[in-house]
Amino acid sequence: MAEFNFNADEELFSKLPEKAFYAMVNDSIITADGDFNGGYICAIGDRITMKHVFMIKELADKSGVSFAFREPFEICGKQVFIAVTDRYSEELNRAFKVFTGDADVIHVKNIPDLSKPGVILLDMDSTCIQIECIDEIAKAYGVGKQISEITSMAMHGKLDFKQSLRKRVGLLKYAPTSILDKIRNNLPIMPGFPELIRLLQDKGWKTAIASGGFMPFVNKLKEDFGLDLVRANTFEIDGDHLTGGLIGEIVDSTVKVATLHELCAKYDIPKEQSIAVGDGANDLPMINESGLGFAIHAKPIVREQATATINTLGLDAIVCVLTAYSYLKSM
């Protein structure tokens, strides 16, 4: 059994020998033996150091979890650390959701396999893009404060989504449609979204958005990124102005879950090969119904209840997790 001595200030893993699994014992790294079939730990950051690993080990020890890890690697300009664990711990899962070590860390039972067909369903506002479109429309129309307050309460789960949406859209009565065009043509894409979609499409996965936002914006993303399906709400329009009403079914949490089921059934995708991503309370059911659900830059209720949480990075964190699992399998 080989042993390599490190301290918490060591910033490089360059002293590790050829590819192997490693475990930590006190201040040493040893080649690992044992049964590690309980789940995974994955850490992603601009730079993963031994200090991060010691912090992860401290939290794992408190939860009674042992792990064996591979040397970190780079993907999407990030460093990625992945480990297998001897058991899955809800306590450790929760601890990583508030991790403050300049990295995103997750602990999950399973990770979807990129070598098999799969499907991803994402929210749009504050997930695929870095804005809430209705708030931007409201600002341009001069009712930003009123609408943003309602949006915030709805996303924190303090208001019924359908009622809050109708109330917000009602405040947009007579807003010119030119506002929609301006926002549509300047959507600020969430970092990592293009890389995530490209990776999954290259692997033959189906990519979709189900949004409590609006069709002009999800259609723009569908056109630009070749998505398989988009679903959102439709403004009622009279000439070149909004009427303050909506047409058709409102896309709420129930519709999002139904969309996930529909996609899995249509393409014969098992649940464990599905991913859902969102930030608001109305995304929680779809996040938790998927094989692996991510909360990204999420409201507290979502961050606490989602399977995995991204607090620091963008959607490139999901690229890193999926690629890390493929890397792990290939060794």
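Residues numbered from 1 in each chain as written. Predicted model: local features only at pLDDT ≥ 70, side-chain atom pairs only at ≥ 80, totals over all residues. Heavy atoms only, no water.

An α-helical turn contains 3.6 residues, so any two residues separated by three or four positions project in the same direction. Given a rise of 1.5 Å per residue, 15 residues ought to cover 21 Å, and the 21 Å separating the end C-alpha atoms of helix α12 (residues 316-330) matches this to within 8%. Here α12 lies mainly inside the structure; 12 of its 15 residues are buried. Residues of α12 that are buried: Asp316, Ala317, Ile318, Val319, Cys320, Val321, Leu322, Thr323, Ala324, Tyr325, Tyr327 and Leu328. (Helix = DSSP H or I, 4+ residues; strand = E, 2+ residues; numbered from the N terminus. Expected span 1.5 Å × (residues − 1). Buried < 20%, exposed > 50% of the residue type's maximum accessible area, 1.4 Å probe, protein only.)

The next point concerns the packing of aromatic side chains. The tally for this structure, following the rule as stated, stands at 8 aromatic pairs. Aromatic pair Phe67 and Phe69: ring centres 6.3 Å apart, planes at 50 degrees, arrangement tilted. For the ring pair Phe69 and Phe81, a centre distance of 5.1 Å and an interplane angle of 35 degrees mean the geometry is tilted. On the criterion of sequence distance, the pair formed by Phe69 in strand β5 (residues 67-69) and Phe81 in strand β7 (residues 78-85) is long-range, its members being 12 residues apart. The two residues Phe69 and Phe81 agree in class, both being buried. Through a chain of ring-to-ring contacts, the aromatic side chains of Phe67, Phe69 and Phe81 assemble into a single cluster. (Phe/Tyr/Trp six-rings, centres within 6.5 Å; stacked < 30°, edge-to-face > 60°.)

Two elements in contact, helix α1 (residues 50-62) and helix α2 (residues 90-97), have axes separated by 9 Å at closest approach and are oriented at 145 degrees. You can see that α1 and α2 cross each other, and the crossing is right-handed. Residues Ile56, Leu59, Ala60 and Lys62 of α1 form the contact with α2, whose participating residues are Glu91, Leu92, Ala95 and Phe96. Its residues placed into classes, the contact of α1 with α2 shows 6 nonpolar, no polar and 2 charged. (Axes fitted to C-alpha atoms, helices over the stretch in contact; angles between N-to-C directions. Left-handed = near helix turned anticlockwise from the far one by under 90°. Contact = heavy atoms within 4.5 Å. Nonpolar A, V, L, I, M, F, W, Y, C, P; charged D, E, K, R; others polar.)

Bringing the sheet that holds strand β9 (residues 119-122) into the picture now. Pairing is mixed across the open sheet formed by 7 strands, whose spatial order is β12-β11-β10-β9-β13-β14-β15. Unpaired on one side and paired on the other, β12 (241-247) and β15 (308-310) mark the two borders of the sheet. Strand-to-strand twist in this sheet, taken as the mean axis angle between neighbours without regard to direction, amounts to 25 degrees. Pairing between strand β14 (residues 292-296) and β15: 3 bridges, direction parallel. The residue bridging Ala295 from the neighbouring strand is Thr309, located in β15. (Pairing = 2+ DSSP bridges.)

Our focus in this paragraph is the side chain of Ser274. The topology assignment puts Ser274 in strand β13 (residues 274-278). At a separation of 2.6 Å, a polar atom in the side chain of Ser274 contacts the main-chain carbonyl oxygen of Lys271. For Ser274, the contacting residues outside a window of four places in its chain are Pro112, Val119, Leu260, Cys264, Ser290, Gly291 and Leu292. (Polar contact = N/O pair within 3.5 Å; in protein donor to acceptor, adjacent residues only side chain to side chain.)

Further remarks concern the pattern of salt bridges. Close approach of charged atoms allows side chains of opposite charge to pair. Applying the stated criterion across every chain, the model contains 13 salt bridges. In this structure, Lys329 engages Asp113 in a salt bridge whose closest nitrogen and oxygen atoms are separated by 2.4 Å. In this pair, Lys329 is assigned in helix α12 and Asp113 in the loop between β8 (104-108) and β9, connecting sequence segments 216 residues apart. Looking at Lys329, the relative accessible area reads 44%, which means it is partly exposed. (Salt bridge = Lys/Arg side-chain N within 4 Å of Asp/Glu carboxyl O.)

Following both chains from N to C, one finds helix α4 (residues 144-155) and helix α5 (residues 161-170) inclined at 170 degrees, their axes separated by 10 Å at the closest point. For the element pair α4 / α5, the angle class is roughly antiparallel. Residue-level contacts link Ile147, Ile150, Thr151, Ala154 and Met155 of α4 to Phe161, Ser164, Lys167 and Arg168 of α5. Considered class by class, the residues forming the contact of α4 with α5 number 5 nonpolar, 2 polar and 2 charged. (Parallel < 35°, antiparallel > 145°, perpendicular 65-115°, else oblique.)

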